[in-house]
Amino acid sequence: MNSIRYWKGFIAFVFLATVLAAPVHAEEMTDGEAVDRAVAVLHPTEGNQTTGTVIFTAVADGVQIEATVEGLEPGKHGFHIHVLGDCTAPDGTSAGGHYNPDGHPHAGPDQDKRHMGDLGNLEANQMGRAHYVRLDDYVALNGPKSIVGRAVIVHAGEDDLTTQPTGNAGGRLACGVIGIANP
């Protein structure tokens, strides 16, 4: 009798552990509703001080992107969505390259054909702070090309918007994984 109770408990435990360990997709996390807001909290890569927050909000004409970043040298800094949501490498390289689901060349954010991850540049003031606001009709929060689960990278140098495939923006100062925001 004790062995039957043991096996029933064991089977229940394995079932629960399997359900809890199953991969969760954005649609499941929101009970089938579309993601309407996502956030990336930027953490500095090794030896850097750059931090910030990037908010992605679904609006009628696309996705409103708003970033507040500090700890930068004054001037322009490449700002991109990268393909992998992995910020574990000390230099941020674990995030991979720019997110480019359609195979377009690297370009500026206002070009018709560009990487989905090409957001151009942040411009830091003399205090090392940058504020970025953009309405983007290419970035997607839902569907097979969603940016949720990918990473945002702030680069050390200016994105020249032409050099392939990265814009020659230099090292990675900060990395943050894009997640579903708390409504």
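This text goes with the structure placed above it.
It should be emphasised that the depicted structure is a prediction, and the values quoted were computed from it without experimental measurement. (Residues numbered from 1 in each chain as written. Predicted model: local features only at pLDDT ≥ 70, side-chain atom pairs only at ≥ 80, totals over all residues. Heavy atoms only, no water.)

A.B. asks: Hey, could you go over the packing of aromatic side chains for me, with residue numbers and the actual values?
C.D. replies: Counted under the stated rule, the structure contains one aromatic pair. When the centroid spacing of 4.8 Å and the interplanar angle of 65° are considered together, the rings of Phe79 and Tyr132 count as edge-to-face. Within this pair, whereas Phe79 is found in strand S4 (residues 75-82), its partner Tyr132 is found in strand S6 (residues 130-136), the two being separated by 53 residues in sequence. On the accessibility criterion, Tyr132 (8% relative accessible area) is buried. (Phe/Tyr/Trp six-rings, centres within 6.5 Å; stacked < 30°, edge-to-face > 60°. Helix = DSSP H or I, 4+ residues; strand = E, 2+ residues; numbered from the N terminus. Buried < 20%, exposed > 50% of the residue type's maximum accessible area, 1.4 Å probe, protein only.)

A.B. asks: Any details on the nonpolar core? Residues and values, ideally.
C.D. replies: With 28 residues, the main nonpolar core has Val54, Phe56, Phe79 and Ile147 as its most contacted residues. Mapped by element, the contributors of at least two residues to this core are strand S1 (37-44), strand S2 (51-59), strand S3 (62-70), S4, strand S5 (118-124), S6, strand S7 (151-155) and strand S8 (172-180). Among the elements that take part in this core, S3 stands out by supplying four residues, more than any other. Once residues within four sequence positions are removed from consideration, Ile147 is found in contact with Phe56, Ile81, Tyr99, Met116, Val139, Ala140, Leu141 and Ile178. (Core = buried A, V, L, I, M, F, W, Y, C linked by side-chain atoms within 4.5 Å. Contact = heavy atoms within 4.5 Å.)

A.B. asks: Just give me the short version of the state of the cysteines, but keep the residues and values in it.
C.D. replies: Note on terminology: disulfide describes a covalent bond linking the sulfur atoms of two cysteines. This model, assessed by the stated rule, comprises one disulfide. Between the sulfur of Cys87 and that of Cys175 lies a disulfide, 1.9 Å long from S to S. A torsion of -70° about the S-S bond marks the disulfide between Cys87 and Cys175 as left-handed. Remark: Cys175 occurs in strand S8 and Cys87 occurs in the loop between S4 and S5; sequence separation between them is 88 residues. When its relative accessible area of 2% is taken as the criterion, Cys175 is described as buried. (Disulfide = S-S within 2.5 Å.)

A.B. asks: Which residues make up the pattern of salt bridges, and what values do they have?
C.D. replies: Applying the stated criterion across every chain, the model contains five salt bridges. When the shortest N-O distance is used, the salt bridge between Arg134 and Asp136 registers 3.0 Å. The exposure class assigned to Arg134 is buried, which follows from its relative accessible area of 15%. On the accessibility criterion, Asp136 (0% relative accessible area) is buried. (Salt bridge = Lys/Arg side-chain N within 4 Å of Asp/Glu carboxyl O.)

A.B. asks: Pulling in residues and values, what's your account of unusual backbone geometry?
C.D. replies: With omega at -5°, the peptide bond leading from Gln164 into Pro165 counts as cis. At Leu161, a position not held by glycine, the phi torsion is positive, near 70°. Within the secondary structure, Leu161 sits in the loop between S7 and S8. Its relative accessible area of 31% is what places Leu161 among the partly exposed residues. With a phi close to 55°, Asn168 is a non-glycine residue in the positive phi region. When you line up the elements, Asn168 lands in the loop between S7 and S8. On the basis of relative accessible area, Asn168 is assigned to the exposed category, the value being 55%.

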